[in-house]
Amino acid sequence: MAASRSSSAGQWFSPTDPLKYEGPKYTPTSRKPFGYRWYDANRKVLGRRMEDQLRFAVCWWHTLVWPGSDPFGGETFLRPWHAAGGDPMQQAMQKVDIGFELFRLLDVPYFTFHDRDVAPEGATLRESNANLHRVGERLAQKIEESGVQLLWGTANLFSNRRYMAGAATNPDPEIFAYAAAQVKTALELTHALHGQNYVLWGGREGYETLLNTDLKREWDQLGRFLHLVVEHKHAIGFKGAILIEPKPCEPTKHQYDHDVASVFAFLKAHGLEREIKVNIEQNHAILAGHSFEHEIALANALGVFGSIDMNRGDDQLGWDTDQFPNNLPQMVLAFLEIMRGGGFTTGGVNFDAKLRRQSIDPDDLITAHAGAMDLCARALLIVERIIDDGALADHVEARYAGWDSRDGKAILKGKRSLADLAAQVDRKHGEPQPVSGRQEYLENLINSYI
Ligand code: XUL
Ligand code: CO
């Protein structure tokens, strides 16, 4: 159904009432096109309300700003809110109303934004900041009225021409300073809006060719920049988490925040591992040659798990297609690791996802988010059964049981030298008995819940 061009809330999308949990018999039909089959905000799952476990967020940029362009063609969406008057500030203000109307209809508790998605860039930094403050006031009012909260804010340090050679890693310190000034404002706005996290994605923090790049210098510049962000966070009393979002490439050929392991090494090298965590995006994990669940498990193991950007790639395309998730088994494996780690604290599930450019109806935004939320909810319910059942945990525990022995504990406590271990093997003679890893059994076990 085409959305009306009227500016009053409730006119942009077909539904007028928030989507409801309809139960397992629900399917989207022309009679009832919108609803939740699995997402039941108040249902308790693994000790918390589903809404509090999943902490869904809608992103501003793909949802309200992206016009449907690709490298070969321009705008396809022709959004009514882009057509409503040419003034970018007026449009920005209107998008606040439309955004919050969408959040109300979806019944999502959070949203996320970049500085430059919510307010247009001005001719000077001062003008950009003034724009951002004006929209920020409107956002604050809407947050207050609706109860929808900010999961995270961030600064766009990659679109403007000035950042083509990087922001913090730019060869020009003037650009480093500009990026710092932009982050200062975005972090302060995030704080003022009671955001739960602040994200740094280093889209241009990398290089195209080593022939013109001093890698070590750039690495250290980035470390300095992150220290400045952390210092400012403490100076203003922001209690949320600072998160880095790893991605191996695109837009630059090689990015310094390649994956969780390289971000952790970077944080350690700069003494920041207690200050900064990670925001893991599904397809960024795949582009780095990992699985999503690997990145989550590693972040949990290293104590840096923060939040999730839940958007997939395409198996046949090797780039960042930012699609809404639709693969249940993949979601189950991801939520299994999230819940094994104890679930979210300040983080949540942000849909950094965009429609396909032929999905031109504003209602497609509702369909896409609702389907993705339902899929995550369903995966979470499956994970609850896997965890409650305990079969998987028992298997893993049994697999490592040898390390609870006296010898096992002594090795880990540093009480055995190589010579001790050699003597131990000599003493015991025989060959240790290998046991089956039972991978197929475990895969079948997981599938039996799905
Ligand atoms: C880019 C990406 C960004 C970050 C925020 O691939 O994921 O949208 O999430 O800057
Ligand atoms: Co992202």
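Predicted model, so just to flag it, every value in this text is computed and none were measured.

**With respect to the coordination of the cobalt ion (ligand 2)**
- In this structure, Glu245 (OE), Glu281 (OE), Asp309 (OD) and Asp352 (OD) serve as the protein donors to the cobalt ion (ligand 2), at separations of 1.9 to 2.1 Å.
- For the cobalt ion (ligand 2), the single-chain donor residues occur in sequence as E-x35-E-x27-D-x42-D. Of this pair, Asp309 sits in strand β11 (residues 305-309) while Asp352 sits in the loop between β12 (349-351) and α13 (362-389); the two residues are 43 residues apart in sequence, bridging distant segments of the chain. The two residues Asp309 and Asp352 agree in class, both being buried.

**Looking at unusual backbone geometry**
- The amide bond that connects Glu250 to the next residue, Pro251, takes the cis arrangement and shows omega of 15°.
- Checked against the element boundaries, Pro251 lands in the loop between β8 (241-244) and β9 (254-255).
- Backbone geometry at Asp107 places phi at a positive 60°, although glycine is not the residue there.
- Of note in the backbone geometry, His429 takes a positive phi value of approximately 60° without being a glycine.
- Look at His429 and you get exposed, because its relative accessible area is 61%.

**Considerations on the confidence of the model for the protein chain**
- The share of residues in the protein chain with pLDDT of 70 or more is 97%, and the mean pLDDT across the chain is 96.
- Low confidence marks residues 1-9, where pLDDT is under 50. Its contacts with residues over four positions away, or in another chain, come to 20 contacts.

**A look at the nonpolar core**
- Residues Trp60, Phe111 and Phe351 are the most contacted members of the largest nonpolar core, which totals 123 residues.
- Per element, the largest residue contribution to this core is 15 residues, and it comes from α13.
- When residues of this core are assigned to domains, at least three fall in each of domain 1 (7-389) and domain 2 (405-449).

**As for helix α9 (residues 260-269)**
- Those residues of α9 lying buried are Val260, Val263, Phe264, Phe266 and Leu267. Around the axis of α9, the buried residues are gathered within 160° of arc, so they sit on the same side.
- Gly271, located one to two residues past α9, shows a positive phi value of around 65°.

**A short note on the site of ligand 1**
- The immediate surroundings of ligand 1 are formed by Trp61, His114, Trp152, Trp201, Glu245, Lys247, Glu281, His284, Asp309, Asp320 and Asp352.
- Between an oxygen atom of ligand 1 and a side-chain N or O atom of His284, the distance comes to 3.0 Å.
- Considering ligand 1 on its own, with 290 Å² of exposed area, one finds that the protein chains cover 93% of that surface.
- In terms of residue class, the shell around ligand 1 is made up of three nonpolar, two polar and six charged.

**Structural notes on the packing of aromatic side chains**
- Enumeration over the complete set of coordinates arrives at 19 aromatic pairs.
- Ring centres of Trp60 and Phe103 lie 6.1 Å apart, and the angle between their planes is 65°; on these two criteria the pair is classed as edge-to-face. Note that Trp60 is positioned in helix α2 (residues 60-65) and Phe103 in helix α4 (residues 88-106), a separation of 43 residues in sequence.
- The exposure class of Phe103 is buried, given its relative accessible area of 1%.
- Look at Phe158 and Trp201: their rings are 4.7 Å apart centre to centre, the planes differ by 70°, and that puts the pair in the edge-to-face class. Remark: Trp201 occurs in the loop between β6 (197-200) and β7 (206-207) and Phe158 occurs in the loop between β5 (149-154) and α7 (173-192); sequence separation between them is 43 residues. Residues Phe158 and Trp201 agree in their burial class; the two are buried.
- Taking NZ or CZ as reference, Arg79 lies 4.2 Å from the ring centre of Phe77, over its face.
- If you follow Arg162 out to its NZ or CZ, it ends over the ring of Tyr178, 3.8 Å from the centre.

Cut-offs used in this document
Residues numbered from 1 in each chain as written. Chains lettered and ligands numbered in written order. Predicted model: local features only at pLDDT ≥ 70, side-chain atom pairs only at ≥ 80, totals over all residues. Heavy atoms only, no water. Donors = N, O, S within 2.8 Å, 3.2 Å for Na, K, Ca; no water. Helix = DSSP H or I, 4+ residues; strand = E, 2+ residues; numbered from the N terminus. Buried < 20%, exposed > 50% of the residue type's maximum accessible area, 1.4 Å probe, protein only. pLDDT = per-residue confidence, 0-100. Contact = heavy atoms within 4.5 Å. Core = buried A, V, L, I, M, F, W, Y, C linked by side-chain atoms within 4.5 Å. Domains from an automatic or database assignment. Arc of directions from axis to C-beta. Near = heavy atom within 4 Å. Polar contact = N/O pair within 3.5 Å; in protein donor to acceptor, adjacent residues only side chain to side chain. Areas by Shrake-Rupley, 256 points an atom, 1.4 Å probe, with all protein chains shown as cover. Nonpolar A, V, L, I, M, F, W, Y, C, P; charged D, E, K, R; others polar. Phe/Tyr/Trp six-rings, centres within 6.5 Å; stacked < 30°, edge-to-face > 60°. Lys NZ or Arg CZ within 6 Å of the ring centre and 35° of its normal.

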